[in-house]
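Examination of the molecular architecture
Each chain, letter by letter, is given below.
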Amino acid sequence: DGKVEKLSGYFVDHLKKLSTGSCSGLIQEVRAIGGMIAFSPFAGTMEDVKKVLLKLFDLGLVAFSCGHGPYFVRLLPPLGAMTVGDVDQVFALIEKSLLDVSKDKVKEGL
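The following refers to the structure shown. (Residues numbered from 1 in each chain as written. Predicted model: local features only at pLDDT ≥ 70, side-chain atom pairs only at ≥ 80, totals over all residues. Heavy atoms only, no water.)

Overview of the overall build of the chain
Using the following cut-off: Numbering of helices and strands runs from the N terminus; a helix is a DSSP stretch of H or I covering at least four residues, while a strand is a stretch of E covering at least two. We take the radius of gyration over the C-alpha atoms and set the globule estimate at 2.2 Å times the residue count to the 0.38 power. Residue contacts follow a heavy-atom distance rule, with two residues in contact if any of their heavy atoms lie within 4.5 Å. Every accessible area reported is derived by Shrake-Rupley at a probe size of 1.4 Å, with residue values counting cover from the shown protein chains alone.
A count of helical and extended segments in the chain gives 3 helices and 4 strands. Starting at the N terminus and ending at the C terminus, the chain contains elements arranged as α-β-β-α-β-β-α. For 110 residues, the compact-globule estimate of 2.2 N^0.38 gives 13 Å, and the chain sits close to it at 13 Å. The dimensions of the chain, computed from C-alpha atoms along their principal axes, are 45 × 25 × 25 Å. Counted over contacts in the chain with a minimum sequence separation of 6, partners at least 24 positions apart contribute 65%. When the accessible area of the chain is evaluated, it comes to approximately 6,100 Å², of which 58% is carbon and sulfur surface.

See below:
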């Protein structure tokens, strides 16, 4: 019932909402253990993950890759120092990154 558990749950809920909402089909799987949050974008290839990571970085959000077939974008947010408002800002960046990469993939004919 602590802050970290609540915010971790909020992250997961938000990712699942994105995966069925504006980013439908762009998020394949969501995982979380405490403050370690991960999602598999697009087909879960390393190329897809790298594209999303670069977009996130350009927007000021640092994330990592993890997994192996499928690959995941991993977030390690400092949940103890965050608020729900902070998480909402993170999700605006995640949503923008996924939509931008999706548009780029369409332009490339992928």
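What follows continues from the structure just given.
Some thoughts on unusual backbone geometry
Note the cut-off: Partly exposed describes any residue whose relative accessible area lies between the buried limit of under 20% and the exposed limit of over 50%, with all areas from a 1.4 Å probe on protein chains only and scaled to the type maximum.
Backbone torsion omega between glycine 69 and proline 70 reads 15°, so that peptide bond is classified as cis. With respect to the secondary-structure elements, proline 70 resides in the loop between β3 (64–67) and β4 (71–75). Phi at phenylalanine 42 is positive, roughly 55°, even though this residue is not glycine. Its location among the elements puts phenylalanine 42 in the loop between β2 (36–41) and α2 (46–58). For phenylalanine 42, a relative accessible area of 9% translates into the label buried.

Quick look at the environment of aspartate 13
Here aspartate 13 shows up in helix α1 (residues 3–20). Sequence spacing of aspartate 13 and valine 30 is 17 residues, and the spatial spacing of their C-alpha atoms is 9.4 Å.

Brief notes about the environment of glycine 80
Inspection of the secondary structure assignment puts glycine 80 in the loop between β4 and α3 (84–108). If sequence neighbours within four positions are ignored, glycine 80 has contacts with Lys3 and Val4.

Concerning α1
Cut-off, in case you're wondering: Residue count minus one, scaled by 1.5 Å, sets the expected span of a helix. Throughout, the arc means the angular range of directions from the helix axis out to the C-beta atoms.
In a regular helix each residue adds 1.5 Å, so 18 residues correspond to 26 Å; α1 covers 26 Å between its end C-alpha atoms and thus fits that length. Residues Leu7, Ser8, Phe11, Val12, Leu15, Leu18 and Ser19 constitute the buried set of α1. An end-on view of α1 places all buried positions within 145° of arc, on one side of the element. More than 90 degrees from the buried face of α1, the exposed residues found are Glu5, Lys6, Lys17 and Thr20. The inward-facing, buried residues of α1 abut β1 (27–33), β2, β4 and α3.

Some words on a nonpolar patch on the surface
Applicable threshold: Patch membership is restricted to residues that have no salt bridge and whose relative accessible area is over 30%. Joining uses 9 Å for like charges and 5 Å for the nonpolar side chains Val, Leu, Ile, Met, Phe, Trp and Tyr. Take a side-chain nitrogen of Lys or Arg and a carboxyl oxygen of Asp or Glu: if they are within 4 Å of each other, that pair is a salt bridge.
Taken together, the side chains of Ile33, Met36, Phe57, Val62, Phe64 and Leu76 make up a nonpolar region of the molecular surface, amounting to roughly 610 Å² of accessible area. Topologically, phenylalanine 57 is positioned in helix α2.

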